[in-house]
Amino acid sequence: MTARSPAAPMRVLLLDAGLTWRGTQRQLLLLAIGLRDHGVEPLVVAPPRSPLLDACKLAGVATIARVMRGGLDVLAVRALRRIIRTWHPDVVHAHDPRSHALAIAALAVRRTHIPLVVTRRLATPPQGSIRHGTRVARFIAITAAVRDALHNGGIATDRITLVHPGVALPVAPGKRSWREECDWPTERVVTGVVGPLTELRHREELEQLIAQFDATTRAHIALVLLGGPSSGRMEIADIPVYRAGFVHDVAAALAGLELLLHPGGAEGLGTALVEGMALQVPAVAFAAGGVGEIIAHESSGLLVAPGDIAGFAEAVARVVADPSRRQALGEAGPAQAARFSAARMVAGTLEVYRGVTAGSTGTSLDG
């Protein structure tokens, strides 16, 4: 087929092979909606019955359902080639490792000049010369830590752009009443926990952290684990705990909290912390990876040196025991959260697209 008119709107093929609804999928949805609002035509390819596919349909974003079993899925590669050949995207943007590998294979065809953009979320050096070779026009690093890891792994600086994830900053959402749901007394500070320690496989690490809480903190805190499996009410070290699992109405879930903890390692940017700050929910977190980039220490939250469990417990004790401090930290949150808005993320990503297409020589694809 012939290529589209140069005057036509930019078209971007967005790929994600995830089967769950997590930060990656939320970011892709926000990006697709934002691109559309900028006059760009997004097309999202995701697995059938995936939450992302359903969310895009509800938002009016064009979608194609394709099974993507792995980076060597020949049928998926052929399907992507057909989509590219008939839809003529100006940019292909892969959002997870599986779709990254599939995109490399689908674009590995003679006279294919479509730029490939890959979002990288792991702060570890890249592996694989093919997947991280010159076929990728630009890597989008979601944090400075990810950017540095890519550079340390041999990726040239001019092929890496830092674009922080964005959050659709909530405006006056309804509040989920965790206190009523769990029948917790008013003296308990309702505290959310996000990050890897909410997973069952990290139960021992979570218990080690909680064991560091002093008696006063344990008597005045209640924990809501956001993420991981949903298993209802329980207790850890005499502290009431509710395993809420993955929640879809994240804004309402966060708005019902008084404090937010991120006791895990360097896992992406920690967009839940940004949303919490926007809702005036202060946070305590380890200053690891991207998490250390978003909280203004002693202003919108408290940061603790990575691995300092005793220091983390002490920081939690300070804010649990001091309502006025929680209020002051919360009030500073919205201004800090605005630095990580979805609008900024979309604008930064669109600038990447414009940069990689400026040198593009066409979008032909031989099948």
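As the structure is a computational prediction, the values presented were derived from the model and not from experiment.

A. Examining helix H2 (residues 51-58) more closely. For H2, the set of buried residues is Leu52, Leu53, Ala55 and Cys56. Looking straight down H2, one finds that the buried residues subtend no more than 165 degrees of arc, so they occupy a single side. In H2, the exposed positions that point more than 90 degrees away from the buried face belong to Lys57 and Leu58. In the core, the buried residues of H2 are packed alongside helix H1 (23-37), strand S2 (41-46) and strand S3 (62-65). Downstream of H2 by one or two residues, Gly60 has phi in the positive range, about 80 degrees.

B. Structural context of the pairing of strand S12 (residues 283-286). Of the two faces of S12, the one holding Ala283 and Ala285 and the one holding Val284 and Phe286 are both buried throughout. Relative to S12, strand S11 (residues 259-262) is paired through 3 bridges, and the arrangement is parallel. The residue of S12 that forms the bridge with Leu261 is Val284. As paired strands, S12 and strand S13 (residues 301-304) are joined by 4 bridges and run parallel to one another. Bridge pairing in S13 places Phe286 opposite Val304.

C. Representation of the packing of aromatic side chains. Within the structure shown, the criterion is met by 2 aromatic pairs. Measuring from centroid to centroid gives 6.0 Å for Trp178 and Tyr242, while their planes differ by 50 degrees, and the two rings are tilted. Within this pair, whereas Trp178 is found in helix H6 (residues 178-182), its partner Tyr242 is found in strand S10 (residues 239-245), the two being separated by 64 residues in sequence. By relative accessible area, Trp178 is classed as buried at 0%. Taking the centre distance of 4.8 Å and the plane angle of 40 degrees together, the rings of Phe286 and Phe312 count as tilted. Taken as a pair, Phe286 in strand S12 and Phe312 in helix H12 (residues 309-320) lie far apart in primary sequence, 26 residues in all. We note that Phe286, like Phe312, is buried.

D. Structural detail: H1. The end-to-end C-alpha distance of H1, which contains 15 residues, comes to 21 Å, matching closely the 21 Å that a straight helix rising 1.5 Å per residue would cover. Taken together, the buried positions of H1 are Thr24, Gln25, Gln27, Leu28, Leu29, Leu31, Ala32, Gly34 and Leu35. Here the buried face of H1 lies against strand S1 (11-15), S2, H2, strand S4 (91-94), helix H10 (271-278) and helix H15 (342-357).

E. Structural view of the sheet that holds S3. Spatial strand order, S3-S2-S1-S4-S5-S6-S7: 7 strands in an open sheet with parallel pairing. Only two strands of the sheet have a single neighbouring strand rather than two, namely S3 and strand S7 (160-162). With direction set aside, neighbouring strand axes in the sheet form an average angle of 25 degrees. Relative to S7, strand S6 (residues 136-141) is paired through 3 bridges, and the arrangement is parallel. Considered in S7, the bridge of Ala141 is made with Leu162.

F. Representation of the confidence of the model for the chain in the model. In the predicted model, the chain carries a mean pLDDT of 90, and the fraction of residues at 70 or more is 93%. This stretch, residues 361-367, has a pLDDT under 50; its non-local contacts, to residues over four places away or in other chains, come to 22 contacts.

G. Fine view of unusual backbone geometry. Phi angles above zero are rare outside glycine, and His88 is one such case at about 55 degrees. With respect to the element layout, His88 can be found in the loop between helix H3 (74-87) and S4. The residue Gln280 is not glycine, and still its phi comes out positive at about 65 degrees. For Gln280, the location among the structural elements is in the loop between H10 and S12.

The rules behind these values
Residues numbered from 1 in each chain as written. Predicted model: local features only at pLDDT ≥ 70, side-chain atom pairs only at ≥ 80, totals over all residues. Heavy atoms only, no water. Buried < 20%, exposed > 50% of the residue type's maximum accessible area, 1.4 Å probe, protein only. Helix = DSSP H or I, 4+ residues; strand = E, 2+ residues; numbered from the N terminus. Arc of directions from axis to C-beta. Contact = heavy atoms within 4.5 Å. Pairing = 2+ DSSP bridges. Phe/Tyr/Trp six-rings, centres within 6.5 Å; stacked < 30°, edge-to-face > 60°. Expected span 1.5 Å × (residues − 1). Axes fitted to C-alpha atoms, helices over the stretch in contact; angles between N-to-C directions. pLDDT = per-residue confidence, 0-100.

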